[in-house]
Amino acid sequence: MEGRDDKGNKESNFSKPDIQKFALWYIGWSSLDKRTTLPMLPWLVAEIRKKSEKNESGRETCSVQAREVQLVLTPPFIRCVPANNVANSSVFIFEHKAQFISRFIHNSNDLTYFAYLIRSQPDNPESEMACHVFRAYDPNQVPEVISSIRAVSKSALKEDSKPKRDTEEAFYNSQKFEVLYCVLTVLKNHSDFFPNTLVYSISPEPTFYSSKEADLINVSRSDSSLMCVLVFQVGRFEVNLISPDSKTVVLEKRFKDISSCSQGINKTDHFGFIFRDPGETGPGQYVCYVFQCASESLVDEVMLTLKQAFSTAAALQSAKTQVKLCEACPMHDLHKLCERIEGTPLSTGSITVMKPVSDQEENELVILHLRQLCGTKQKSHLHIGEAQLVLFPHLYYRPAYRFNLSVNQQAHLIIWICCLSDHCDVMDLLPLSPRSFDPSLDPLASLLTTSGDTFTGKRPKRTAVHYRALWKTAIHQQILLLRMEKENQRLEASRDELHIRKMKLDYQEVGTCIKDVLAFWDRKLSVPGRAKVVPLDKEEVHNAISKGVPKGRRGEVWLLFSQQHRLRHRLPPGRHAPDTPYQDLLKQLTAQQHSILVDLGRTFPTHQYFSAQLGAGQLSLYNLLKAYSLLDTEVGYCQGISFVAGILLLHMSEDQAFDMLKFLMYDLGFRRQYRPDMTSLQIQMYQLSRLLHDYHRELYNHLEEHEICPSLYAAPWFLTLFASQFPLGFVARIFDILFAQGSEVIFKVALCLLSSHEGEIVECDSFETIVDYLKTTIPNLTHTQMEETISKVLDMDISKQLHAYEVEYHVLQDETVDAVLQSNDSDRLDKLEKTNNQLKKQNMDLLEKLQAARQKIQSLEATVENFLSRESKMKHMIRSLEQERQSYQKTIERMRSCLPPDALADVEMTHMVKPAQGPNGKAKPTAKKP
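Quick caveat, the model's predicted, so the values are computed rather than measured.

Looking now at the sheet that holds strand β7 (residues 101-106). The strand order across the open sheet formed by seven strands is β6-β4-β3-β2-β9-β8-β7, and the pairing between neighbours is antiparallel. Two strands lie at the open edges of the sheet, namely β6 (94-97) and β7, each paired on one side alone. Between one strand and the next, the sheet's axes are offset by a mean angle of 35°, whatever the strand orientation. Here strand β2 (residues 20-32) runs beside strand β9 (residues 129-136); their pairing, made up of eight bridges, is antiparallel. Within β9, the position partnered with leucine 24 by the bridge is alanine 136.

As structure tokens, then:
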């Protein structure tokens, strides 16, 4: 096995820091049969170790002898060098590439021994595996050696397979299609089905037809309530059907199980495939699924993808050598024996074959001889189906006669069968029926001892009361089990929900909310639903936002802001969002599926919630983007919306995120910037440029000097609302202010970012350095910079300037259009006359309105004067009445003074006995006594 290094000293420089050396004992190696399984490997290691040991008399049991070596790890190679020749690394025992090691074996009985498996010829897939065994001086050294080899192997695999893996993943990850599940058909046989093409006929009971009529057991058409939209994914060796609603894989079938697939003829936007499903419909039956796509071209793409995937899988599968194995193979029986012995105590798992030395040594010797015997028999073995003669009958799962054998008895039985199989038919030795079996004639009768009842033993009789009690106990236990399962499901669902919520909010918050702010938001969010329709104090909300919004309740705060905005601002009837329910939109197919599916992996690829391919996060994002593309057909889907939708999904459920997305697009007007003409985005870029011109002239001149317009760096900021490049905590704070103040927040954030980095940008002296700074350096904000930016945004007001710049943009556009039409004077004159006439008409309308307003003012003034005159008259009348009253009182006093005392007393008595009068001056009737 020793060889000499032909590479010279190119890779033998042991002074490199990545070279590791371990002093070990090399025990030996052995080749493996392709049918060797994991339970056999520890016994193989024991066999190699046994061969290298010496017996008590000093004779070696074989020619292989253990030797001291140095295991040198020189990435990507593993080299075994003799211990007495370490200085000359060109002489070695063997050399491997670490990436070709497939498995490690660490002997549990003696922790100083370990081994690894490697293919003897890595380039030849049909070559045998080899097992190399080592022994360490210290058991604690073994884990270090194994971990070091694994590290070298992983690094080598990463370097070798990285370009190829990226190419394959880029191909397979893009093969996803949105389909609508339509029909499930069950067939009795598949011999005459799907010979060339698939024909789908829309009828009350739609079925599949081929050139020969298929024998159908059942054809069921899913009604509208059962028809669902799925994601059809074509993998490397399988197809998956993923439900975006339940976020689970509803069907997974490997290519080897798929019998046929084809496109519809009458309905070319349909396709289907047939596969074996014995678990559902029984053996010999096939199931056919039919799906509908958004268009015929999409079905063509699906069929082409399936064809390429089938061809690629067939080529990869043909390169691998299939190992034949059946239930009757000798190696299979040996695997079962090793599996039975594994994990059993040595006192019960020992195999009594020879004079006891130790249980472990006995088992090793038995497995050694069994492996050699089974390997010899395996070469001449005929698998089930190839011949009627079976070498090894199934020892453990006979339907008519079962043996309760210990490991000791199983080993003797295998040896006994192997020895007698050369002379007689095994089927005669082990009859299938126990009636023809006589235990007294069985040579293995002494081995068949059972721990329970004998073959002739009878069970004790049980009464009806006993059976009733058993049934009652079983029913109670079943009810308790069901309750426990429901409770476990509820707890698991709650735990999963908390885990997902924690995963969503896994970002660093900008600023911290004090207790007073938390209490304020709790009060506002805890009011009843009707109380939320009361407008909030803007100044109070502004102060609360400046102090922060709690991360855990940020989604609720955004919903509250949307309700408040809709209270204050009513959209015109034509600008309202369609009221199609979210669940109804999810049941439809979208023509934007390719763009959406491709962008799923590009949206927050480093965030844990969205990183899993077609995981819960990506499927929720797909549902949201698909529903909006169907709701707003004018906008459809545009790159950038996915980041906005992703931010919403991190803080609320799908339904709430869809409602907030409609609020952003329609109520706040962001849908204008996603229209196909992108006129609104052009206006926004002009407004940002004018803001720089008026407030930061030096920065504006520097950018203009290098011909850097805002669309080069600010377009992603506006289209994704800063979510694609900036930290999530910073973006969440921007959304807090955005929902409270409106779309002008985006301009304020952009202006604050540019102004805070004005000095560094001006120092950049080339186009490339400026663009690189704007795109890479500015988004990497520190925590302090983010807090300062948010504080500046809250104190800034540029609404009037933005309105003026928008008007200015339209005027400039009109002037540009007029400049283009200067060559045609007549057209320009007509346009001016038309504009003049329109202005005159507008002036006449304004004059008429002005005259009507003046007349109304005059009438109101006359009415006011009339009211004033009437008021003065009433005041004068009141004064005259007061004077007359006073004169009457004086007259009465004079008359009293003129009367004699007796007459005055009579008058007073008459006044006292005078009956009480009512409010109308009449005397009230006296109440009668009962």
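What follows picks up the thread again.
So, on to the confidence of the model for the chain. When pLDDT is averaged along the chain, the result is 76, and 71% of the positions lie at 70 or above. Summarising per-element confidence for the chain, the mean pLDDT is lowest in helix α9 (residues 426-429) (34) and highest in helix α18 (residues 641-649) (95). The model gives residues 162-173 a pLDDT under 50, and that stretch makes eight contacts with residues more than four places away or in other chains. Ignoring residues within four places in sequence, the model shows residues 191-225, a span with pLDDT below 50, making 78 contacts including any to other chains.

Of all the residues in helix α12 (residues 538-547), the buried ones are Val541, Ala544 and Ile545. Take α12 and look down its axis: the buried residues cluster within an arc of 100°, on one side only. Check the buried side of α12 and you find it contacts α11 (515-525), α13 (554-568), α23 (728-741) and α27 (783-795). Between the side-chain oxygen at the start of α12 and the backbone nitrogen of glutamate 539 there is a gap of 3.3 Å, and the oxygen is on aspartate 537. Note on α12: the residue one or two positions beyond its end, glycine 548, has a positive phi of about 120°.

Let us now look at the nonpolar core. Of all hydrophobic cores here, the largest spans 113 residues; its most connected members are Trp717, Phe718, Phe730, Phe735 and Phe739. If we ignore the near neighbours within four places in the chain, the residues touching phenylalanine 735 are Trp558, Val644, Ile647, Leu648, Leu664 and Leu721. Counting residues in each nonpolar core, the second largest holds 26 residues, with Ile258, Cys293, Ala309 and Ala313 among its members.

Below, the discussion takes up unusual backbone geometry. Residue proline 75 is joined to proline 76 through a cis peptide bond whose omega torsion reads 5°. Looking at the element boundaries, proline 76 is found in the loop between β3 (67-74) and β4 (77-82). One non-glycine residue, leucine 721, adopts positive backbone phi at about 55°. Along the chain, the position of leucine 721 falls in the loop between α22 (715-720) and α23. The phi angle at phenylalanine 722 is positive, at roughly 70°, despite the residue not being glycine. Assignment of secondary structure puts phenylalanine 722 in the loop between α22 and α23.

Looking at the element boundaries, cysteine 709 is found in the loop between α21 (697-705) and α22. Take cysteine 709: its relative accessible area is 34%, and that puts it in the partly exposed class. Residues cysteine 709 and tyrosine 686, spaced 23 residues apart in sequence, show a C-alpha to C-alpha distance of 9.2 Å.

Extensive coverage of β4 is indicated by the burial of six of its six residues. Burial along β4 is two-sided: Phe77, Arg79 and Val81 facing one way and Ile78, Cys80 and Pro82 facing the other are all buried. Taken together, the six bridges between β3 and β4 define a ladder with antiparallel strand orientation. Following the sheet pairing, threonine 74 is matched in β4 by phenylalanine 77.

This part is about a nonpolar patch on the surface. Judged by side-chain polarity, Tyr467, Leu470, Trp471, Ile475 and Ile479 come together as a nonpolar surface patch covering roughly 530 Å² of accessible area. Looking at the element boundaries, tryptophan 471 is found in helix α10 (residues 464-504). Relative accessible area serves as the criterion here: at 60%, tryptophan 471 is assigned to the exposed category.

Reading the values: rules and limits
Residues numbered from 1 in each chain as written. Predicted model: local features only at pLDDT ≥ 70, side-chain atom pairs only at ≥ 80, totals over all residues. Heavy atoms only, no water. Pairing = 2+ DSSP bridges. Helix = DSSP H or I, 4+ residues; strand = E, 2+ residues; numbered from the N terminus. Axes fitted to C-alpha atoms, helices over the stretch in contact; angles between N-to-C directions. pLDDT = per-residue confidence, 0-100. Contact = heavy atoms within 4.5 Å. Buried < 20%, exposed > 50% of the residue type's maximum accessible area, 1.4 Å probe, protein only. Arc of directions from axis to C-beta. Polar contact = N/O pair within 3.5 Å; in protein donor to acceptor, adjacent residues only side chain to side chain. Core = buried A, V, L, I, M, F, W, Y, C linked by side-chain atoms within 4.5 Å. Patch = residues over 30% accessible without salt bridge, like charges linked within 9 Å, V, L, I, M, F, W, Y side chains within 5 Å. Areas by Shrake-Rupley, 256 points an atom, 1.4 Å probe, with all protein chains shown as cover. Salt bridge = Lys/Arg side-chain N within 4 Å of Asp/Glu carboxyl O.

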